[in-house]
Amino acid sequence: MLFISTIFLLLYRGGNASRSEPVPIYLDNLLNAGREVYDNQSPPVQHDKEEVTVVELAMYIEGMSSFRTQTMDFQLDVYFQQFWRDPRLAHNETRRVLVKDKAVLHKMWHPDVYFANARIAEFHEVTQPNFLVWIQPDGSILYDTRISMVVVCTLNLEKWPLDSQRCHLRILSYAYTTEQLVIKWKEEEPITRNPNIAMSDMHIVDLYPGLCDGNYSTGTWSCVTAEFFVKREITHHVMQSYVPTTLIVVISWFSFWLDVEAVPARVSLAITTLLTLSTQANAARMALPEVSYMKAIDVWMGACMMFVFGVMIEFTIVNYAQRQVMASSMEFVKNGNGTEKKPSRGDLGAQTKQIFRKFRNNDRQHLVEDPPEQIQLNDTAYDTVSQAYSNSFSDEEAAPITQQRNGDAEAQEEVWAEQKETNLSEVWKERDGNGGVDRGAERLAHWNEKENDASSPLMGNGRAHVRYGAAESLRSRKTNESSRKKDKWSSAIKQIQKHKEIAGRNRAKKIDQTSRWIFPLTFIIFNLTYWIYYLYWKE
């Protein structure tokens, strides 16, 4: 009968082990008896100097927020569990004792652990304080509470947004050194998590428990860490940053297929793409803190801007090459022998004066040297003729000639010799036929009044004109010949300019055709290097 009763009692205890009892009266009296009976300021094994209190930790991650790069922190919502043994609280109850009153908890000794790198940490109080204490009959205690905290994590953004981060939560004892208290992780599954945790731009790769005991000036303090290995999701950044900037760079290459002379179109396309890239780069940097090193996104944006800027440089080279060829052709035309240098008005006037001075001297010499049987002229007639020619081609009245071209002056000089003899012979005929020098002198005296007479060798304004007929024919021939020469050289110049223009366009097109495959090939090589380096090589 006794044996049966013992088996029944053991079965009763085993079946109700998962159930809890409220704090028994004698245990409550123990806690309220004061430090003489129970010292809640001392660790459980304080009396034994050779032993230390061991506190085991476990953590269940209920929730986790995204890692914020601006503030370099993340949020955690955890169930934090602490295990230790206090023989002073051993009891005779068949089941564990449940403590739900904070007043009772404050009367018990419990570890003073804290989160060293938590910016903010708080307990949950809704609807009741979220904590529990289980006291096993042998004095083993479980203290479980829910805590929300903001944990500081210094992010390394060299690979952003292709980065992965390792952040640590450091847990230490505040008052007890390793000589009194040791903190360590529970051996079986110390850190677990909710499988439904999902972050917007990161995912948890793994969780690692660790140790971080450190020596300080005040002693050695027990420390453990919870390491969070997370990796950033790059799909969002690829769609928002990499794909648009790649398309912008490709659009800038359309300039290579535009006409060389389409300057406004090519310049506006390059400037528009450059400004768009600048806007994209500024938008990407707004979500990041100011750091002293270069990030992966900075390398990408800088390279894209360099490619677009290279398109502008390429267009500048193309335009310069074309204009340089045209400038060389114009310089050839200006410095060559084909174009006739236009004389200045001063040169024309000086040449005209020299021609008429020479003619005037030759005319006087001819009148003196003629034999007396051909020219029987007394002093009066000679002076009259000489004065007429002298007055007709004086220096003052030769000034209007300066406005005529060299071709007209040469024509007048050639015809003048013939006209001179004709005019003099008319003077002598009138003298011999009408009785003397008086009528010839009178004709010479009134020669200037016949301004519109085609038979007069001299016409108004002091200009030397020839008779219509041979003189006009000679002048026309000279003019036509000069015009033909001018047209010939003009046509040659136009052909040279056209040839140089075609050569310049071909040279510019050759540069554009080379750029059509150099720029894409270089961009592809850059992409391969960039992605391989940041995804597989750089740690």
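Remember, it's a predicted structure, so these values are computed and weren't measured experimentally.

A. Quick look at the overall build of the protein. Broken down by element type, the protein carries 11 helices and 15 strands. When the accessible area of the protein is evaluated, it comes to approximately 31800 Å², of which 54% is carbon and sulfur surface.

B. Quick look at a nonpolar patch on the surface. Nonpolar side chains collect at one region of the surface, where Met239, Val243, Leu247, Val250, Ile251 and Phe254 lie side by side and expose about 510 Å² of accessible area between them. Note on placement: Met239 falls in helix α4 (residues 235-252).

C. Structural view of the side chain of Ser255. Within the fold, Ser255 resides in the loop between α4 and α5 (263-286). The class of Ser255 is buried, set by a relative accessible area of 2%. Polar side-chain contacts of Ser255 include one of 2.9 Å to the side chain of Arg266. Non-local contacts of Ser255, meaning those with residues more than four positions away in its chain, are made with Arg266, Leu269 and Val311.

D. Structural context of the side chain of Asn117. The residue Asn117 is located in the loop between β5 (113-115) and β6 (118-123) in this model. Relative accessible area serves as the criterion here: at 15%, Asn117 is assigned to the buried category. A distance of 3.1 Å separates a polar side-chain atom of Asn117 from the backbone nitrogen of Arg170.

E. Main features of the pairing of strand β9 (residues 164-173). Sheet analysis places β5 next to β9, joined by 3 bridges and oriented antiparallel. Directly across from Val113, in β9, lies its bridge partner Ser173. In terms of strand pairing, β9 meets strand β15 (residues 223-232) through 9 bridges, oriented antiparallel. The residue bridging Arg166 from the neighbouring strand is Phe229, located in β15.

F. The environment of Glu62, seen in detail. Tracing the backbone through its elements, the reader meets Glu62 in strand β2 (residues 53-64). The exposure class assigned to Glu62 is partly exposed, which follows from its relative accessible area of 28%. For the pair Glu62 and Asn196, spaced 134 residues apart in sequence, the C-alpha to C-alpha distance is 9.0 Å. In this structure Glu62 touches Asp77, Val78, Tyr79, Asn194 and Ile197, once residues within four positions along its chain are discounted.

G. Expanded view of the layout of surface pockets. One number sums up the size of the second largest pocket: a volume of about 430 Å³. Listed by contribution, the elements that provide at least two residues to the lining of the second largest pocket are β9, β15 and α11 (470-537). Of the residues assigned to the lining of the second largest pocket, the class counts are 6 nonpolar, 3 polar and 9 charged. The residue makeup of the lining of the second largest pocket includes at least three contributed by each of domain 1 (29-232) and domain 2 (235-336 + 485-538).

H. Spotlight on the packing of aromatic side chains. Going through the model one piece at a time under the given rule, you end up with 25 aromatic pairs. The rings of Tyr242, Trp253, Trp300, Phe307, Phe523, Phe526, Tyr530, Trp531, Tyr533, Tyr534 and Trp537 are connected pair by pair, giving a single aromatic cluster. Above the ring of Phe131, the side-chain terminus of Lys100 is found at 5.7 Å from the ring centroid. Geometry around Phe83 places Lys186 over its ring, the cationic atom sitting 4.3 Å from the centre.

I. Representation of the pattern of salt bridges. According to the stated counting rule, one finds 12 salt bridges in the structure shown. Across the pair Asp77 and Arg146 runs a salt bridge whose closest N-O atoms are separated by 2.7 Å. Here the residue Asp77 occupies a position in strand β3 (residues 73-85), and Arg146 occupies one in strand β8 (residues 140-152), the gap between them amounting to 69 residues. Lys295 is the partner of Asp298 in a salt bridge, and the nearest nitrogen-oxygen pair spans 3.0 Å. Its relative accessible area of 5% is what places Lys295 among the buried residues. Each of Arg68, Asp73 and Arg119 takes part in salt bridges that share partners, so that together they form one network.

J. Up close: the sheet that holds β5. Taking strand neighbours across the sheet as the criterion, the 4 strands line up as β5-β9-β15-β12 in an open arrangement whose pairing is antiparallel. In this open sheet, the two edge strands, each paired with only one partner strand, are β5 and β12 (202-211). Averaged over all pairs of adjacent strands, the angle between strand axes in this sheet comes to 20°, irrespective of strand direction.

Calculation rules
- Residues numbered from 1 in each chain as written.
- Predicted model: local features only at pLDDT ≥ 70, side-chain atom pairs only at ≥ 80, totals over all residues.
- Heavy atoms only, no water.
- Helix = DSSP H or I, 4+ residues; strand = E, 2+ residues; numbered from the N terminus.
- Areas by Shrake-Rupley, 256 points an atom, 1.4 Å probe, with all protein chains shown as cover.
- Patch = residues over 30% accessible without salt bridge, like charges linked within 9 Å, V, L, I, M, F, W, Y side chains within 5 Å.
- Salt bridge = Lys/Arg side-chain N within 4 Å of Asp/Glu carboxyl O.
- Buried < 20%, exposed > 50% of the residue type's maximum accessible area, 1.4 Å probe, protein only.
- Polar contact = N/O pair within 3.5 Å; in protein donor to acceptor, adjacent residues only side chain to side chain.
- Contact = heavy atoms within 4.5 Å.
- Pairing = 2+ DSSP bridges.
- 1 Å grid on protein atoms, 1.4 Å probe; cavity = no way out; pocket = protein on both sides within 12 Å on 5 of 7 lines; lining within 4 Å.
- Points joined across faces, edges and corners; volume = space filled by probe spheres on them.
- Nonpolar A, V, L, I, M, F, W, Y, C, P; charged D, E, K, R; others polar.
- Domains from an automatic or database assignment.
- Phe/Tyr/Trp six-rings, centres within 6.5 Å; stacked < 30°, edge-to-face > 60°.
- Lys NZ or Arg CZ within 6 Å of the ring centre and 35° of its normal.
- Axes fitted to C-alpha atoms, helices over the stretch in contact; angles between N-to-C directions.

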